[in-house]
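# A structural walkthrough
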Amino acid sequence: MPDVIANLALTHLVPLAATEVDEDKVTPGVLGFIVFAVMALAVWGLMKSMNKHMRKVDFKEKTSEPVAPAAAEDRRTSA
């Protein structure tokens with residue numbers, strides 16, 4: 001069965017490979033691929049760096065002075 005599928009795929013792909021290249025058609029080529037690959041690697045590196053820095057962030061707010069629970073209640077009721 002796999003031979004039949006491979007044969008069928010080849011019969012459909014061979015005519016596509018045999019067609020002539022249109023000289024008027026503009027393609028990105030190798031340089032476009034290299035630029036895209038470099039940009040993808042840069043984004044990957046930036047995301048990795050951002051994740052490392054985000055893990056270091058402490059999201060809990062630190063108070064400058066410790067507040068007793070009773071004093072905190074007084075502040076809430078007086079405001």
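Rules and cut-offs
- Every chain is numbered independently, its residues counted from 1 as its sequence is written.
- Reporting in this predicted model follows two pLDDT cut-offs: at least 70 for local features of residues, and 80 or more for side-chain atom pairs to be given and counted; totals over whole chains, interfaces and linings ignore these cut-offs and use all residues.
- The side-chain quantities take in all heavy atoms of the structure and omit both hydrogens and water.
- Per the convention used, a helix needs a DSSP run of H or I reaching at least four residues, while a strand needs a run of E reaching at least two, with both numbered from the N terminus.
- Only protein chains enter the area calculation, which uses a 1.4 Å probe; residues under 20% of their type maximum are buried, those over 50% are exposed, and those in between are partly exposed.
- Accessible surface area values rest on a Shrake-Rupley calculation with a 1.4 Å probe, where residue burial reflects the displayed protein chains alone.
- The predictor reports its confidence for every residue as pLDDT, a score running from 0 up to 100.
- Each patch is assembled from residues with relative accessible area greater than 30% and no salt bridge, linking like charges that lie within 9 Å and nonpolar side chains (Val, Leu, Ile, Met, Phe, Trp, Tyr) that lie within 5 Å.
- Any carboxyl oxygen of Asp or Glu that lies within 4 Å of a side-chain nitrogen of Lys or Arg is treated as forming a salt bridge with it.

In terms of regular secondary structure, the protein chain is built from three helices and zero strands. Beginning at the N terminus, the succession of helices and strands in the protein chain can be written as α-α-α. When each of the 79 residues of the protein chain is scored for burial, the buried share is 0%. For the protein chain, the exposed area adds up to about 8100 Å²; of that, 67% sits on carbon and sulfur atoms.

Attention shifts here to the confidence of the model for the protein chain. Taken as a whole, the protein chain shows an average pLDDT of 77; of its residues, 57% reach a score of 70 or greater. The least confident element of the protein chain, judged by mean pLDDT, is helix α3 (residues 69-78) at 60; the most confident is helix α2 (residues 29-56) at 96.

Next up on the list: a nonpolar patch on the surface. A contiguous nonpolar surface patch, about 600 Å² in accessible area, is contributed by Val43, Met47, Met50, Met54, Val57 and Phe59. Within the secondary structure layout, methionine 50 lies in helix α2.

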